[in-house]
Amino acid sequence: MKHPPPGALKASATPEVVMMICTAGHVDHGKTRLVGLLTGCDTDRLREEKERGLTIELGYAPCMIGGDLCVGIVDVPGHERFVRTMVAGVSGIDLAVLVIAADDGVMPQTVEHLQIMELLGVRHGVVALTKTDLVPPERIDARAEEIQAFLEGTFLDGAPVYPVSSETFEGFDAFYEGLCTGLEGIRRDRRPGVFRMPVGRVFSRPGFGTVVTGIPIAGSVHVGDEVELSPGGHRGSVRRMECFLREADAGGTGQCLALNIPSLDAGEVERGHMVSPPGQVQAARFFHLQLRAVPRLDPPLRNAEAMVFHTGTALQAGKLYLLEERTLEAGQSAAATVALDEPVAAAPGDAFLLRRPSPAVTVGGGIIHAVTAGDRRPQKRLALELVTRRESV
């Protein structure tokens, strides 16, 4: 008998989604199937995803937890070619479900996804040890011990590991109860400040015009509000809004929103753009930040090294300038400036990630401390002052 989805949302229900969680991990470790067991939703909506059995775009599903708490689940791609999409999905997440298959164990994207979540500020999570029906019982126990050792020193150090089979449903109830327990202590307040929503997807709907989707990282928005697209400066008013496919009058941090903005041309909007109130967020090329290198980084980061910069849903090539030393070793932190080839919309306090372009690998991340507009990179002394000034606040 098929296990009934405990988090399935009734068609007539319109609860407020109060926080976001994500599933992360290596490709083909069972993330999408686990979301289906929780919610009854198939988050692989694209034909190519169904044909290849591979998550390519972000999948979203609402989920009732413990009977009264509605959370949004983001199912992120596991393949290394879609790390940009994975980074976009993790921005604004409150709790992570790290999914590791019992037959494979820790794999390359398990490692990188864990690094990315830690660098982007995720601080709570549980582990789902999936595909337990494919291995003998003694292997499950050994694999759980391996995972706990792997997680030492990370934000998931000491996190519970729940063996679960999506085929036989063995262990699913314990996993669901553990997820409920993990979420009980982190009911979040909306992040205050200026409304900012990184664009995740854009499309045009007949009779309505342009629809822009994303997860706001700060503030709130209401139907009728005027908003601006950055970069670009195009403006329009929010005519209609949906939160997880439910009509809504307002939405904000930690909710998956679709904003109908008819006066925007869908061709003007791209993933990586930012939606915010007019005049509040300016795209820039120079970001001053506190950078933390990943453990086991090899070789060390070098001054003026080419980098790919991720923040929100934006991705842009540029160069890294270290402000105090010529190199940065594994696990160390330093003040730095990133000079981008093209402007990106982001604000102080936003999380960022750096990846080497070739071979493509995550090398560090942290928090943006200051932004400089214009075409001239500030002198090293001034840039260092901008970073240290925010640290002292």
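Preceding block: the structure.
Conventions we followed
- Residues numbered from 1 in each chain as written.
- Predicted model: local features only at pLDDT ≥ 70, side-chain atom pairs only at ≥ 80, totals over all residues.
- Heavy atoms only, no water.
- Disulfide = S-S within 2.5 Å.
- Buried < 20%, exposed > 50% of the residue type's maximum accessible area, 1.4 Å probe, protein only.
- Helix = DSSP H or I, 4+ residues; strand = E, 2+ residues; numbered from the N terminus.
- Contact = heavy atoms within 4.5 Å.
- 1 Å grid on protein atoms, 1.4 Å probe; cavity = no way out; pocket = protein on both sides within 12 Å on 5 of 7 lines; lining within 4 Å.
- Points joined across faces, edges and corners; volume = space filled by probe spheres on them.
- Phe/Tyr/Trp six-rings, centres within 6.5 Å; stacked < 30°, edge-to-face > 60°.

Novice: What is the right way to look at the state of the cysteines in this model?
Specialist: Here, disulfide denotes a covalent bond that connects the sulfur atoms of two cysteines. Applying the stated criterion to the full structure yields zero disulfides. Its sulfur unpaired, Cys243 is 7.3 Å from the next cysteine sulfur, which belongs to Cys256. Cys243 gets classed as buried once you look at its relative accessible area, which sits at 9%.

Novice: I'm lost on the environment of Ser204 in this one. Help?
Specialist: Along the chain, Ser204 turns up in strand S8 (residues 201-205). For Ser204, the residues in contact, after removing those within four places along its chain, are Gly209, Thr210 and Ala266.

Novice: So what exactly am I meant to see when it comes to empty space enclosed by the protein here?
Specialist: To locate leftover empty space, one rolls a probe as large as a water molecule over the atoms. The tally for this structure, following the rule as stated, stands at two cavities of 30 Å³ or more. A volume near 50 Å³ is recorded for the second largest cavity. Together, Pro198, Ile217, Gly272, His273, Met274, Thr311, Gly312, Thr313, Ala314, Ala345, Ala346 and Asp350 line the second largest cavity.

Novice: Sorry, what's going on with the packing of aromatic side chains here?
Specialist: Aromatic ring pairs are defined here through the distance separating the ring centres and the angle between the ring planes. Taken as a whole, this structure holds four aromatic pairs when the rule is applied. Ring geometry for Phe172 and Phe175: centres 6.2 Å apart, planes at 55 degrees, overall tilted. Note that Phe172 and Phe175 are positioned in helix H6 (residues 172-184) at a spacing of three residues, about one turn of the helix. Note on accessibility: Phe172 and Phe175 belong to one class, buried. Seen in terms of ring centroids, Phe309 and Phe352 are 5.9 Å apart; in terms of plane orientation they differ by 20 degrees. Their pairing is stacked.

Functional significance is not addressed by these values, which are geometric in nature.
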